[in-house]
Amino acid sequence: MARTPATPRRAAPTKVSKPFPWGTALGSLVLAVALIGLIAYAAVNQGSGVRDIIRNPDGAIEGVAVAEGKLSQNHVAGAVSYDQTPPNGGDHNAAPQQCAVYGEPIAPEHALHSLEHGAVWITYNDSVPDDQVEALAGKVQGDPYGLMSPLPEQTSPINLSAWGRRLSVDTADDSRIDDFIEAYASGPQTPERGAACIGNTTTGAVQPAAPDGALEPSAPAGAPGAPPAPGAPSAPGAPSAPVAPVAPSAAASPAS
């Protein structure tokens, strides 16, 4: 019987060792390190930049003057002589000035109590044009801690005051105005943070107040020289911007 020829065996394939993909591995490592660094940078710098205005406004806003030492907070009756115009701290009346836009000067004794509650008080002199006064009013209207009034005798065209803080600017389009309001309206400098900015609604000289801060009878909200009561609609045809500043002779704040 004839034998079937045996099938020749195939030789085992020769193993070829491939080089390790060092280039790919190195590229992946570089990308991973870069990603980790990016995440770490974001974590460390979270809240930096514009948020520094909130975290450290005294150092983040150029030109802010900070009062030295602790400012007195006594409630006193009658007029007070302050060492700067406008003042941004010190003894004051027991009744705060209600936060609003006023077209006539207000008593600093009332305004300082508002600052103690967290208000930002914008004052301006006669050199500020009407359109800029309107622009400033737009930044204050509707803000529960916004206060604005003319102050003809102040040296700087525009001053922004918070408790123990002051910023002087020349024009209403200065970007630091918005920064100051954002940082200091009920900001970290506020001695009585959370207290409402409501109270006296009259303009002119300081009003007599009882020890608990309740005003003696005076002009009601909505009377000439006083803003509308909170939440009350404006009278038909009433201007949204404050009236023109009064002459310096009518100012109530003492010059310094």
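This section reports on the structure supplied with the text. Here the structure is a predicted model, which means the values were calculated and not measured. (Residues numbered from 1 in each chain as written. Predicted model: local features only at pLDDT ≥ 70, side-chain atom pairs only at ≥ 80, totals over all residues. Heavy atoms only, no water.)

What follows concerns the overall build of the protein. Secondary structure summary: the protein contains six helices and five strands in total. The order of α-helices and β-strands along the protein, N terminus first, is α-α-α-β-α-β-α-β-β-β-α. Going through the 256 residues of the protein one by one, you find that 38% of them count as buried. Long-range contacts, defined as pairs at least 24 residues apart, comprise 71% of the intrachain contacts of the protein with a sequence gap of at least 6. Of the roughly 14500 Å² that the protein leaves accessible, carbon and sulfur atoms contribute 58%. (Helix = DSSP H or I, 4+ residues; strand = E, 2+ residues; numbered from the N terminus. Buried < 20%, exposed > 50% of the residue type's maximum accessible area, 1.4 Å probe, protein only. Contact = heavy atoms within 4.5 Å. Areas by Shrake-Rupley, 256 points an atom, 1.4 Å probe, with all protein chains shown as cover.)

Attention shifts here to the packing of aromatic side chains. The tally for this structure, following the rule as stated, stands at one aromatic pair. Ring geometry for Phe 180 and Tyr 184: centres 4.7 Å apart, planes at 55 degrees, overall tilted. With Phe 180 and Tyr 184 both in helix α6 (residues 176-184) and four residues apart, this pair spans about one turn of that helix. For the residue pair Phe 180 and Tyr 184, the accessibility class agrees, reading buried in each case. (Phe/Tyr/Trp six-rings, centres within 6.5 Å; stacked < 30°, edge-to-face > 60°.)

Along the chain, Leu 71 falls in the loop between β1 (65-66) and α4 (108-116). Spatially, the C-alpha atoms of Leu 71 and Asp 91 are 8.2 Å apart, while their sequence positions differ by 20 residues. Setting aside residues up to four positions removed in sequence, Leu 71 forms contacts with Asn 88, Gly 89, Gly 90, Trp 163 and Gly 164.

Looking now at the side chain of His 113. Turning to its location among the elements, His 113 is positioned in helix α4. Looking at His 113, the relative accessible area reads 4%, which means it is buried. Setting aside residues up to four positions removed in sequence, His 113 forms contacts with His 75, His 92, Asn 93, Ala 94, Ala 95 and Pro 96.

So, on to empty space enclosed by the protein. If you walk through the whole model with that rule in mind, you get one cavity of 30 Å³ or more. For the largest cavity, the calculated volume is near 30 Å³. At the level of elements, β2 (120-124) and α5 (130-140) are the ones that each hand at least two residues to the lining of the largest cavity. Class assignment of the residues belonging to the lining of the largest cavity gives a composition of five nonpolar, one polar and two charged. (1 Å grid on protein atoms, 1.4 Å probe; cavity = no way out; pocket = protein on both sides within 12 Å on 5 of 7 lines; lining within 4 Å. Points joined across faces, edges and corners; volume = space filled by probe spheres on them. Nonpolar A, V, L, I, M, F, W, Y, C, P; charged D, E, K, R; others polar.)

In spatial order, the strands read β1-β5-β4-β2-β3; together these five strands make up an open sheet with mixed pairing. Two strands in the sheet have a free side with no partner beyond their single neighbour: β1 and β3 (146-150). Direction of pairing for strand β4 (residues 158-162) relative to strand β5 (residues 165-169): antiparallel, over a ladder of five bridges. Directly across from Asn 159, in β5, lies its bridge partner Ser 168. Where α4 meets the sheet, it contacts β2, β3 and β4, and its direction lies at approximately 145 degrees from that of β2. Set on the sheet, α6 makes contact with β2, β4 and β5; between it and β5 the angle comes to about 165 degrees. (Pairing = 2+ DSSP bridges. Axes fitted to C-alpha atoms, helices over the stretch in contact; angles between N-to-C directions.)

By the definition in use, this model includes one disulfide. Disulfide partner of Cys 99: Cys 197, at an S-S distance of 1.9 Å. Across the S-S bond of Cys 99 and Cys 197 the torsion is about 80 degrees, and the bridge reads as right-handed. Here Cys 197 lies in the segment after α6 and Cys 99 lies in the loop between β1 and α4, a separation of 98 residues in the sequence. Residue classification places Cys 99 among the buried residues on the basis of a relative accessible area of 13%. (Disulfide = S-S within 2.5 Å.)

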